[in-house]
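# Fold and geometry: a report
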Amino acid sequence: MSQLEQVFEQFAIMGGNHIRLTGGEPLLNPSLFEIIRYAISIKIASITIQTNAVLLDREMILKLRQLDLPGLKLQISLDGANPESHDYVRGQGSYHAVTAALDLLFQEHMSGQVIVHFTEMQHNLSEFPELLELAEKYRLAGVSAGTLITGGRAAGLELCKVPDSYRYLELIENFRRDSSFRRRYVAFGNMDALQWYLGELPVDMHCRLGRDTYLTTDGRLYPCVLCHCDLYAVNSVHEKGFLRAFQEGGELWMPLLESIRKRSVLLEKCLACQVSAGCLGGCAGRALAVYGTIWSTDDRCDYRQHIYRKHLIQKNYLNKTKR
Ligand code: SF4
Ligand code: SF4
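None of the values given here were measured: they were computed from a predicted structure. (Residues numbered from 1 in each chain as written. Chains lettered and ligands numbered in written order. Predicted model: local features only at pLDDT ≥ 70, side-chain atom pairs only at ≥ 80, totals over all residues. Heavy atoms only, no water.)

### Digging into the confidence of the model for the protein
Of all residues in the protein, 93% attain a pLDDT of 70 or more, and the chain-wide mean is 90. When the elements of the protein are averaged for pLDDT, helix α16 (residues 317-322) gives the smallest value, 44, and helix α6 (residues 128-138) the largest, 98. Within the model, the stretch residues 318-323 combines pLDDT values under 50 with six contacts to residues more than four positions away or in other chains. (pLDDT = per-residue confidence, 0-100. Helix = DSSP H or I, 4+ residues; strand = E, 2+ residues; numbered from the N terminus. Contact = heavy atoms within 4.5 Å.)

As structure tokens, then:
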């Protein structure tokens, strides 16, 4: 049994049922199908492969279809609705590779298992409605979005910037006015900024730290993909076994979670914030990834304040509470 199969087996015994294979590029792994078949054999019902779609030719798509796993999802990165936006981030020819793969997936009746993932940046945010049109055209499972984390490769690209509050408010205004945008969003979309505007609880209130764990190939287990800091890592997972590593992680992550829950009453900025009851200090993982500490508001704080206020004003809530 391979190291990964052992991890999967213990994960399944613990009741784990969703695995996300990320990279690099998982489709480059020669053992990928063996790994997935093993996961299916031990009743892991949901597997997501994060891919740039470059290797998704017809042969690969047919092999994926033959797995006959309804819970199989392909998460394909698409950072714009045209080659200029997407290729700027992903390299020349990448946009064409994605759309060619979407054509093939549609022809082979696999597009309903595809989630397009969009990274929100200053230069591409306004293109989000066009991605929803694309989702409708290809009958995709959905379009998920996440704000750029300014680190790694993105830090070196001049145009890769987190959208400012003005860009988000523009998008929300477009959403408010355009009924087709709203209809497609309800059918396919998922973006925190629009969820906040709609008054949904922020993702941060559903913090899954310690439940959505992140395991690296060299055997380090983190409490979530953004709390990627050695301080919170359990090392040597392959030697210890996943079960023992997870128990060790629980002891390490419980105090972290308790600290995270106190952020909104300990951070000065949050104490003075009109919307703190709905926000609870934002995502500690993002604060850690961007500023190196959980004891800071996260990098989305300013525009979240603007959006919440817009939502509350729309609901006439702020006016009422002021009286
Ligand atoms: S810290 Fe942030 S990214 Fe990590 S699980 Fe919690 S909400 Fe999600
Ligand atoms: S919007 Fe910013 S200041 Fe207000 S509670 Fe959230 S993180 Fe704190």
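Further notes follow.
### Some details on the site of ligand 2
Lys269, Cys270, Cys273, Ser276, Cys279, Gly281, Gly282, Thr297, Cys301, Arg304 and Gln305 make up every residue found near ligand 2. Looking at the shell around ligand 2, the elements that each hand over two or more residues are α12 (268-271), α13 (276-279) and α15 (301-314). Top element by residues in the shell around ligand 2 is α15. It accounts for three residues. Across the shell around ligand 2, the residue classes break down as four nonpolar, five polar and two charged. (Near = heavy atom within 4 Å. Nonpolar A, V, L, I, M, F, W, Y, C, P; charged D, E, K, R; others polar.)

### Here we look at the domain arrangement of the protein
When cut into domains, the protein gives domain 1 (52-198) and domain 2 (207-322). A C-alpha centroid distance of 25 Å is found between domain 1 and domain 2. On the side of domain 2, 15 residues touch domain 1, which itself brings 17 residues to the contact. Between domain 1 and domain 2, roughly 1500 Å² of surface is buried when both sides are summed, and carbon and sulfur atoms account for 66% of that area. Summed over the three residues of domain 1 that lose the most area to domain 2, namely Ile149, Trp196 and Tyr197, the buried surface amounts to 46% of that side. Counting across the interface, domain 1 meets domain 2 through one salt bridge. Summed over the shared surface of domain 1 and domain 2, the number is seven residue pairs in polar contact (both at pLDDT 80 or more). Going through the elements one at a time, α7 (165-177) and α9 (192-197) are the ones with two or more residues in the side of domain 1 that touches domain 2. The element best represented in the side of domain 1 that touches domain 2 is α7, accounting for five residues. Counted by class, the side of domain 1 that touches domain 2 contains eleven nonpolar, three polar and three charged residues. (Domains from an automatic or database assignment. Buried area = accessible area lost by both parts, 1.4 Å probe. Salt bridge = Lys/Arg side-chain N within 4 Å of Asp/Glu carboxyl O. Polar contact = N/O pair within 3.5 Å; in protein donor to acceptor, adjacent residues only side chain to side chain.)

### Focus: the side chain of Ser264
Within the secondary structure layout, Ser264 lies in helix α11 (residues 242-266). For Ser264, a relative accessible area of 10% gives the class buried. Ignoring sequence-local partners within four residues, the contact set of Ser264 consists of Cys270, Leu271, Leu280 and Gly281. (Buried < 20%, exposed > 50% of the residue type's maximum accessible area, 1.4 Å probe, protein only.)

### Structural notes on the sheet that holds strand β1 (residues 18-21)
Strands sit in the order β1-β2-β3-β4-β5-β6 across an open sheet of six strands; the sheet is parallel. Looking at which strands have only one partner, the edges of the open sheet turn out to be β1 and β6 (189-190). Pairing geometry for strand β5 (residues 142-147) and β6, over two bridges, is parallel. Opposite Val143, over in β6, you have Gly189 as the bridge partner. Sitting on the sheet, helix α2 (residues 32-41) is in contact with β1 and β2 (46-51), with an inclination near 160 degrees to β2. (Pairing = 2+ DSSP bridges. Axes fitted to C-alpha atoms, helices over the stretch in contact; angles between N-to-C directions.)

### Some thoughts on the pairing of β5
Taken across its six residues, β5 has five buried, putting it largely inside the fold. As judged from the six bridges shared by strand β4 (residues 114-120) and β5, these two strands associate in the parallel manner. Residue pairing for β5: Ile115 is matched across the bridge by Gly142. In this fold, β4 hands off to α6, which returns the chain to β5; that crossover is right-handed. (Right-handed = clockwise from strand over helix to strand, strands pointing away.)

### Quick word on the site of ligand 1
In the region of ligand 1, the neighbouring residues are Cys207, Arg208, Leu209, Cys224, Leu226, Cys283 and Gly285. Across the shell around ligand 1, the residue classes break down as five nonpolar, one polar and one charged.

### Topic: the packing of aromatic side chains
To describe a pair of aromatic rings, one takes the distance between the centres and the angle between the planes. Applying the stated rule across the entire model yields 14 aromatic pairs. Connected via pairs of aromatic rings, a cluster forms that spans Phe118, Phe128, Phe175, Phe181, Tyr185 and Tyr197. Lying across the ring of Phe33, Lys63 places its NZ or CZ 4.5 Å from the centre. (Phe/Tyr/Trp six-rings, centres within 6.5 Å; stacked < 30°, edge-to-face > 60°. Lys NZ or Arg CZ within 6 Å of the ring centre and 35° of its normal.)

### Points about helix α3 (residues 58-66)
Taken together, the buried positions of α3 are Met60, Ile61 and Leu64. Looking straight down α3, one finds its buried side chains confined to an arc of 100 degrees; they lie on one side. For α3, the exposed residues set more than 90 degrees away from the buried face come down to Glu59 and Gln66. Contacts from the buried residues of α3 go to α2, β2, β3 (72-77) and α5 (94-107). (Arc of directions from axis to C-beta.)

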